[in-house]
Amino acid sequence: MIRIENINKKFKKLQALNDISAIFNRGQVISLIGPNGSGKTTLIKSILGLVKADSGNIFINGKQINGDPSYRSQIGYMPQIGRYPDNMQIGHLFRMMRDIRKLSESDVDADLLVKFNLMSIFEKPMRTLSGGTRQKVSAALAFYFNPAILILDEPTAGLDPLSSEILKEKIMQEKKKNKLILITSHILSDLDELTTDVMYLQEGRMVFLKDINALRQETGEDKLGKVIARVMRDNKKNSLWIDEVLAMKSSD
Ligand code: ADP
Ligand code: MG
């Protein structure tokens, strides 16, 4: 569904993405994990065409993305920070998005609008919303058009525990519909039940992309947090070892 080939992106001197290649298919929930600044959001924005990579190719359903943004109607995107016109009312925002796609109220998935109680505050302008409510609007919008691909950047950040559960439940339901879901979170326990594959980024490089069950077997751990901790510990040993090998080579 998504094929990424040798993507590179620099911001001035900073290599935000370094030769990333990956393939994501329907039915997968890819947890995109890595420290702050490792390139997760930049990778997501490259897929969405919001950031233009310096080199490399991205294909969505076999079609290369370049210029024509129509492919984005297949993707529901929940940004890390949702930006909306200040004076637009919540209700107006959803109506406008529907109008753009020429869809009626019966064509959309209003599940989260209902569960987050957003209908009762449809008249509120976006600028008056708390961070959490804004986050709920972003979530409801991402699922609104029933897209085959969902890209969720820190979706539970800023949500209260109950709303966070509602959202996780929703993601779980969509997963069962065989969609492709790409998700980042610093709260690894939020990803535990959802994840089918883990992609780990560090300083713009992909350290690994692996099936969660394989990772669980390799590490003997069950929880995602522990799995990652163990892989990274082992990885560090490997990279120290690689450093040694390289040092030996250069002293030859
Ligand atoms: P993550 O989402 O993993 O925290 P980001 O993809 O947001 O990381 O950022 C990766 C790196 O690229 C960071 O060092 C960040 O400061 C830098 N960066 C991201 N966007 C821009 C931009 N528009 N201009 C300059 N630097 C950027
Ligand atoms: Mg980010």
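That block above? That's the structure.
Residues numbered from 1 in each chain as written. Chains lettered and ligands numbered in written order. Predicted model: local features only at pLDDT ≥ 70, side-chain atom pairs only at ≥ 80, totals over all residues. Heavy atoms only, no water.

## Regarding the site of ligand 1
- Near ligand 1 the following residues occur: Phe 11, Leu 14, Ala 16, Pro 35, Asn 36, Gly 37, Ser 38, Gly 39, Lys 40, Thr 41 and Thr 42.
- Taking Gly 39, its main chain carries an N or O atom lying 3.0 Å from an oxygen atom of ligand 1.
- With the chains in place, 57% of the 560 Å² that ligand 1 exposes on its own is no longer accessible.
- Broken down by secondary-structure element, the contributors of at least two residues to the shell around ligand 1 are strand S2 (14–24) and helix H1 (40–48). (Near = heavy atom within 4 Å. Polar contact = N/O pair within 3.5 Å; in protein donor to acceptor, adjacent residues only side chain to side chain. Areas by Shrake-Rupley, 256 points an atom, 1.4 Å probe, with all protein chains shown as cover. Helix = DSSP H or I, 4+ residues; strand = E, 2+ residues; numbered from the N terminus.)

## A look at the layout of surface pockets
- Roughly 680 Å³ of volume is contained in the largest pocket.
- Around the largest pocket, the lining is made up of 26 residues, and of these Leu 50, Arg 72, Tyr 77, Pro 79 and Met 97 lie nearest the centre.
- Only H1, strand S6 (75–78), helix H2 (90–100) and helix H4 (131–144) provide two or more residues apiece to the lining of the largest pocket.
- Residue composition of the lining of the largest pocket, by class: 14 nonpolar, seven polar and five charged.
- Empty space within the second largest pocket amounts to approximately 320 Å³.
- Residue lining of the second largest pocket: 19 residues in total, with Gly 49, Lys 52, Ile 65, Asn 66 and Gly 67 positioned closest to the centre. (1 Å grid on protein atoms, 1.4 Å probe; cavity = no way out; pocket = protein on both sides within 12 Å on 5 of 7 lines; lining within 4 Å. Points joined across faces, edges and corners; volume = space filled by probe spheres on them. Nonpolar A, V, L, I, M, F, W, Y, C, P; charged D, E, K, R; others polar.)

## Description of unusual backbone geometry
- You will see that Asn 146, though not glycine, has its phi angle at about 50°, which is positive.
- In this structure, Asn 146 sits in the loop between H4 and strand S7 (149–153).
- One non-glycine residue, Asn 178, lies in the positive phi region at around 70°.
- In this structure, Asn 178 sits in the loop between helix H5 (161–176) and strand S8 (180–184).
- Judged by relative accessible area, Asn 178 falls into the partly exposed class, the value being 40%. (Buried < 20%, exposed > 50% of the residue type's maximum accessible area, 1.4 Å probe, protein only.)

## Topic: the coordination of the magnesium ion (ligand 2)
- The magnesium ion (ligand 2) binds to the protein through Thr 41 (OG1) and Gln 80 (OE1), with metal-donor distances spanning 2.0 to 2.4 Å. Of the two residues, Thr 41 sits in helix H1 while Gln 80 sits in the loop between S6 and H2, which places them 39 residues apart along the sequence.
- Gln 80 gets classed as partly exposed once you look at its relative accessible area, which sits at 37%. (Donors = N, O, S within 2.8 Å, 3.2 Å for Na, K, Ca; no water.)

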